[in-house]
Amino acid sequence: MSFDSLGLSDALLKAVADQGYTTPTPVQIKAIPPILAGKDIMAGAQTGTGKTAGFSLPLLQRLADSADLNTRPRRVRALVLVPTRELAAQVYESIATYGKYLPLQTQVIVGGASINMQIRQLRHGCDIVVATPGRLMDHIGQKTISLGNIEILILDEADRMLDMGFLPEIRRIMAYLPKNRQSLLFSATMPGAIKTLAATILNSPVEIEVAKQNITADLVSECVYGINKDNKRELLSYLIGSNNWKQVLIFVRTKHGADRLEKQLVKDGIRSASLHGDKTQGARTKALDYFKNGKVTALVATDIAARGLDIEELPHVVNYDLPQVAEDYIHRIGRTGRAGSSGSALSLVCPEEAYLLEAIEKLLKRQIPRVDDTGYEPVSLKVMDAPKKVAPSKNSGKKDYRHTDKKTPQRERGNGANFNPRSSKPKNRSSSRP
Ligand code: AMP
């Protein structure tokens, strides 16, 4: 199957060829023809499947075919709703890339950026708006955007928008859109809430499923290191240093945890940055740029901040903390092994997280391979052996686990500032790499 057979115009085929794409991905094969035919679609597709081109290409074609280029200012005819600013930036980039030979204009409307600048740009007019729901509602409230001419609506990563609590905003936004429009919904998972939303937004949609929700990318090699919580940071620094990793995305649970780990890695001599919701937009963009162009090796991120990041050929993902929601494991490791390149995803799992690992493996319907020789005291990842969580007593300091294993690890711990991951090697480590 080639792109030529999908019904795309020469301008779009040229832009696709410029990108070096030779064959469409499964989601593109299934989504592009019905979208070009004006149908609504509901697509189950994860990040990394090529879904952005799957909706951007036919969106651009439909708008270009019906464009009245003499209308001034341009009216907003397509709206792409996304959960995060980072995803908005990436969707914008894709639309700009694929639409470079077309006379269509796109604007991004997200929080954390000057609303006055956005108002000025909106006054000039544009064809496509890529927006996060909160900031779009601000513009609707201030009457600085009109959605009355929308012909095509796209909800991208709809499950994540609901997870982030955007359902009320989405419902309110729907009330401002014309009833007679084409609507496309993309979601990595299809929980009941998404189906309910789809039933109210979509009109007899074509349903597309490209990868089962419980399948992770085939090209990703996964493994689990059973390790006590207190040894995680040291093992991580060792893995980065000894394997000479150049680019690793590390997931943590909390914003505070992201800041703390970033500082610790820097002390270990690893160039690091962090990405989370408390950072300013400028700091987030800078962290991402540095990571993309190799100025930092490790990017420590929370799930929400990292959602939808598209970094080409990202080789390594580490789950420093396991996600609280099992589906997030699939999203996280979908950052690597993308569009034909292989990657590694490893999880540092302490006994207190055994129940989270169990939930992930239940979802995947398979066991993630374990690394037997971690170089540390072996730990049990069986849920029944896991320490029980107890409420911390007033004077208990930081410890909130009853049976935290305080046994000395098989090797001495690295000493803070002087720790050099490249020269430190845990005893008994086998040479096998993850
Ligand atoms: P997405 O799932 O939209 O986040 O896309 C994942 C990655 O796949 C992006 O880096 C795209 O540039 C790339 N991509 C999209 N379509 C193709 C294709 N047909 N062939 C090769 N790479 C593609």
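We now turn to the structure provided with this report. None of these values were measured; they are calculated from a predicted model.

Here we look at the overall build of the protein chain
Now for step 1: When its secondary structure is counted, the protein chain shows 15 helices and 14 strands.
Now for step 2: Among the 434 residues that make up the protein chain, the fraction classed as buried is 54%.
Now for step 3: The long-range share in the protein chain, meaning contacts at least 24 apart out of those at least 6 apart in sequence, stands at 76%.
Now for step 4: In the structure as shown, the protein chain presents an accessible area of about 19900 Å², 50% of it carried by carbon and sulfur atoms.

Let's talk about the packing of helix 5 (residues 115-124) against helix 6 (residues 133-141)
Now for step 1: Packing of helix 5 against helix 6 brings their axes to within 12 Å, and their N-to-C directions diverge by 65°. In this view, helix 5 runs roughly perpendicular relative to helix 6, as classed from their interaxial angle. Helix 5 and helix 6 meet at a crossing whose hand is right-handed. Together, Ile-115, Gln-118, Ile-119 and Leu-122 of helix 5 and Arg-135, Asp-138 and His-139 of helix 6 make up the contact between the two elements.
Now for step 2: Considering only residue class, the contact of helix 5 with helix 6 consists of three nonpolar, two polar and two charged.

Overview of the environment of Ile-304
Now for step 1: As for its placement among the helices and strands, Ile-304 is situated in helix 13 (residues 303-306).
Now for step 2: Residues Ile-304 and Leu-275, spaced 29 residues apart in sequence, show a C-alpha to C-alpha distance of 9.4 Å.
Now for step 3: What Ile-304 contacts, discounting residues up to four positions off in sequence, is Thr-84, Arg-160 and Met-164.

With respect to the nonpolar core
Now for step 1: In terms of nonpolar packing, the biggest core is built from 39 residues, with Leu-8, Leu-57, Leu-59, Val-80 and Ile-128 touching the most fellow members.
Now for step 2: By residue number, the principal contributor to this core is helix 3 (residues 51-65), which donates six residues.
Now for step 3: Membership of the second largest hydrophobic core comes to 32 residues, among which are Val-76, Ile-109, Met-161 and Ile-170.

Examining the pattern of salt bridges
Now for step 1: All chains considered together, the criterion is met by 15 salt bridges.
Now for step 2: Measuring nitrogen to oxygen at the nearest pair gives 2.3 Å for the salt bridge that ties Asp-328 to Arg-160. In this pair, Asp-328 sits in helix 14 (residues 326-333) while Arg-160 sits in helix 7 (residues 158-163), placing the two residues 168 residues apart along the sequence.
Now for step 3: By relative accessible area, Asp-328 is classed as buried at 9%.

Let's talk about the site of the ligand
Now for step 1: Looking at the ligand, there are 15 residues lining it, with Tyr-21, Gln-28, Gly-48, Gly-50 and Thr-52 nearest.
Now for step 2: Within the side chain of Tyr-21, a nitrogen or oxygen atom sits 2.4 Å from an oxygen atom of the ligand.
Now for step 3: Gly-50 has a polar backbone atom sitting 2.8 Å from an oxygen atom of the ligand.
Now for step 4: Expressed as a share of its isolated accessible area of 500 Å², the protein-covered part of the ligand is 85%.
Now for step 5: Across the shell around the ligand, the residue classes break down as four nonpolar, eight polar and three charged.

With respect to the sheet that holds strand 6 (residues 182-187)
Now for step 1: Taken in spatial order, the seven strands line up as 3-4-2-5-6-1-7 in an open sheet, and their pairing is parallel. Edge positions in the sheet fall to strand 3 (106-109) and strand 7 (206-209), since each has one partner strand and no second. Within the sheet, the average angular offset between the axes of one strand and its neighbour, ignoring direction, is 15°.
Now for step 2: Relative to strand 6, strand 5 (residues 152-155) runs parallel, the two being bridged by four bridges. What sits directly across from Leu-155, in strand 6, is Leu-185.
Now for step 3: Along the sheet, helix 3 makes contact with strand 2 (78-81), strand 4 (128-131), strand 5 and strand 6, crossing strand 5 at roughly 170°.
Now for step 4: Contacts from helix 5 reach strand 3 and strand 4, with the element oriented near 155° to strand 3.

Some points on the pairing of strand 10 (residues 272-275)
Now for step 1: Both faces of strand 10 are covered, namely the face carrying Ser-272 and Ser-274 and the face carrying Ala-273 and Leu-275.
Now for step 2: A crossover connection joins strand 10 to the parallel strand 11 (residues 298-301) through helix 12 (residues 281-292); in handedness this β-α-β unit is right-handed.

Analysis parameters
Residues numbered from 1 in each chain as written. Predicted model: local features only at pLDDT ≥ 70, side-chain atom pairs only at ≥ 80, totals over all residues. Heavy atoms only, no water. Helix = DSSP H or I, 4+ residues; strand = E, 2+ residues; numbered from the N terminus. Buried < 20%, exposed > 50% of the residue type's maximum accessible area, 1.4 Å probe, protein only. Contact = heavy atoms within 4.5 Å. Areas by Shrake-Rupley, 256 points an atom, 1.4 Å probe, with all protein chains shown as cover. Axes fitted to C-alpha atoms, helices over the stretch in contact; angles between N-to-C directions. Parallel < 35°, antiparallel > 145°, perpendicular 65-115°, else oblique. Left-handed = near helix turned anticlockwise from the far one by under 90°. Nonpolar A, V, L, I, M, F, W, Y, C, P; charged D, E, K, R; others polar. Core = buried A, V, L, I, M, F, W, Y, C linked by side-chain atoms within 4.5 Å. Salt bridge = Lys/Arg side-chain N within 4 Å of Asp/Glu carboxyl O. Near = heavy atom within 4 Å. Polar contact = N/O pair within 3.5 Å; in protein donor to acceptor, adjacent residues only side chain to side chain. Pairing = 2+ DSSP bridges. Right-handed = clockwise from strand over helix to strand, strands pointing away.

Interpretation in functional terms is not warranted from these geometric data alone.
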